[in-house]
Amino acid sequence: MDKRSKIALYAIAAIIVLLMVAEITKPKAVNWRDSYSAADKIPLGCYVLFNELKNTSGFDVETSNKSIYESLKHVDSFTKKNLFLINDYISIEDEGTLSLLDFVERGNTVFISSNYFYGKLADTLNLNFDQDYDGFLKSPSYSTFTSPSLKSHNVLFEDVIENYFVTSIDTLNTVVLGHVLNEDKTKQEINFIKVPFGDHDGAFYLHTNPFAFTNYHLLDDKECYAAAVLSYLPDNPIIWDNYYKSGRKVITSPLRFILTNQALKWAFYIALLSLILFILFKGKRTQRVIPVIDPLKNSTVEFTKTVGDLYYQHGDFTNIINKKITYFLEHVRSSYYLDTNELSERFIEKLAIKSSNNKTDTKALVDFIAYLKSKSAHTENDLIELHKKIEEFLKRH
């Protein structure tokens, strides 16, 4: 990579890092989604209320992450408890409603704060909810108590509010505990009631302003109202519902079992990160596959054989003999460093010694070569005889 390319790459990397830093450090927009979850610190979460209940109730706060039907199956029937259901709306399945009614009938208490709820529970308690008249739904409103002793706890909610109210109640079996009034106090509606149920002092406390229990209002000097509402509840251990929440976190991934287990979740993340790093470094360090290039074939032998066959087919034995003699003498010069211009007795002695052949066989070969060189025409038998003598000579080398 040349210098210019490196500079461009570093510049791009620096820009990406700056963008990431800017994204991380920029102020986050306020999250106004409905949650009511005990874990959420956003304005419409219930983190503050949940922790205050833990610190001030004197009892352990049990958290339920299952449906009413599943959670109430395992509740101790000998200890009376308070069940908290707080959300912008409550929709309980029929099996859960039957479990809830049985729970209250055994002397327990259920506190529900919701804009509205419907289904079998509302029908059983003969309740209807509304927010129908013009301009009142999100207008500033007063939340008040019917008890004169709680007059100092009446509060004006100026914003972050939805003014739902109860339009129909069972007047023979319902106690009105509070109202919601429009800002000029010309209209008043019921927003907090008690409905006794069963023969063991069990009761439903129903409230239509769940916003009063959110972080936003509890941290905005309106905690006195929430405290007054909860003061009506008996002093029992608390079950905090964390299932019927708009902000409930539901993992839909096929890996939900791993992701809901803290140890398995971190093991999965570490394994995934290790795999990514392995791919990055392995891909960087591994050399590309080098293609196999076949070496050039030595076709000298094939060429020589072809030429020899050509001469042999045409009966040109003299040419072949001359070439074999020339090749043999070249071999003697290059291998034994002997002068082959004179095929004398001295030459024969030196060749016999250096080639490890006896003098008789060496002399017979050299004399036969001299004989063939003296002839002008040769036969096939001459060629065969020369070939045999040369091969025998070379075998002893």
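Our structure's up above, just so we're on the same page.
Fair warning: this is a prediction, and the values are worked out from it, not measured in the lab. (Residues numbered from 1 in each chain as written. Predicted model: local features only at pLDDT ≥ 70, side-chain atom pairs only at ≥ 80, totals over all residues. Heavy atoms only, no water.)

A. Expanded view of the side chain of N115. Turning to its location among the elements, N115 is positioned in the loop between β4 (109–113) and β5 (116–118). With a relative accessible area of 3%, N115 lands in the buried category. A polar side-chain atom of N115 sits 3.5 Å from a polar atom in the side chain of E162. When near neighbours in sequence (up to four residues on either side) are disregarded, N115 contacts N87, D88, F129, E162, Y164, T208, P210 and F211. (Helix = DSSP H or I, 4+ residues; strand = E, 2+ residues; numbered from the N terminus. Buried < 20%, exposed > 50% of the residue type's maximum accessible area, 1.4 Å probe, protein only. Polar contact = N/O pair within 3.5 Å; in protein donor to acceptor, adjacent residues only side chain to side chain. Contact = heavy atoms within 4.5 Å.)

B. Quick peek at the packing of aromatic side chains. Scanning all chains against the criterion turns up 20 aromatic pairs. Their ring planes at 20° and their centres at 6.4 Å tell us that Y89 and Y116 sit as a pair that is stacked. Taken together, the positions of Y89 in strand β3 (residues 89–91) and Y116 in strand β5 put the pair 27 residues apart, joining distant regions of the chain. On the basis of relative accessibility, which here comes to 31%, the residue Y116 falls in the partly exposed class. Plain terms: the ring middles of Y243 and Y244 are 5.0 Å apart, the flat faces sit at 80° to each other, and that makes the pair edge-to-face. Among the residues examined, Y243 registers a relative accessible area of 24% and is labelled partly exposed. Judged by relative accessible area, Y244 falls into the buried class, the value being 8%. Three or more aromatic residues joined by ring pairs form one cluster here, namely F50, F84, F111, F213 and W240. Positioned above the aromatic ring of Y47 is the side chain of K41, whose terminal nitrogen or guanidinium carbon lies 4.8 Å from the ring centre. (Phe/Tyr/Trp six-rings, centres within 6.5 Å; stacked < 30°, edge-to-face > 60°. Lys NZ or Arg CZ within 6 Å of the ring centre and 35° of its normal.)

C. Seen up close, the side chain of S35. Tracing the chain through its elements places S35 in the loop between α1 (3–25) and α2 (47–56). With relative accessibility at 0%, the residue S35 sits in the buried group. Aside from chain neighbours lying at most four places away, what touches S35 is D40, I42, L44, G45, N87, K245, S246 and G247.

D. Layout of the pattern of salt bridges. This model, assessed by the stated rule, comprises 11 salt bridges. Across the salt bridge formed by D40 and R33, the nearest N and O atoms sit 3.3 Å from each other. Judged by relative accessible area, R33 falls into the partly exposed class, the value being 34%. With a shortest N-O distance of 3.1 Å, E349 and K359 are connected by a salt bridge. You can see E349 sitting in helix α12 (residues 345–355) and its partner K359 sitting in helix α13 (residues 359–374), a full 10 residues away along the chain. When its relative accessible area of 37% is taken as the criterion, E349 is described as partly exposed. K359 sits in the partly exposed class, given a relative accessible area of 38%. Connected through shared salt-bridge partners, E345, K363 and D367 make up one network. (Salt bridge = Lys/Arg side-chain N within 4 Å of Asp/Glu carboxyl O.)

E. Examining the pairing of strand β11 (residues 188–196) more closely. As paired strands, strand β10 (residues 175–182) and β11 are joined by six bridges and run antiparallel to one another. Looking across to β11, one finds that G178 is bridged to F192. Taking the residues that link successive antiparallel strands as the turn, the β10-β11 hairpin has five residues, and the phi of K185 there is positive, at about 60°. Taken together, the five bridges between β11 and strand β12 (residues 203–207) define a ladder with antiparallel strand orientation. Bridge pairing in β12 links P196 to A203. A loop of six residues connects β11 with β12, the two strands running antiparallel in sequence, and G198 in this loop sits at a positive phi of about 90°. (Pairing = 2+ DSSP bridges.)

F. Representation of unusual backbone geometry within the structure. Here the phi dihedral of N126 falls at roughly 55°; this positive angle occurs in a residue that is not glycine. Tracing the backbone shows N126 in the loop between α5 (120–124) and β6 (128–130). Judged by its relative accessible area of 40%, N126 falls in the partly exposed class. Non-glycine residue V160 carries a positive phi angle of around 50°. Tracing the sequence through the fold places V160 in the loop between β8 (155–157) and β9 (165–168).

G. Molecular detail of the environment of D361. Along the chain, D361 falls in helix α13. Separated by 13 residues in sequence, D361 and I348 place their C-alpha atoms 9.8 Å apart.

H. Spotlight on the environment of E392. Note on placement: E392 falls in helix α14 (residues 380–395). E392 gets classed as partly exposed once you look at its relative accessible area, which sits at 39%.

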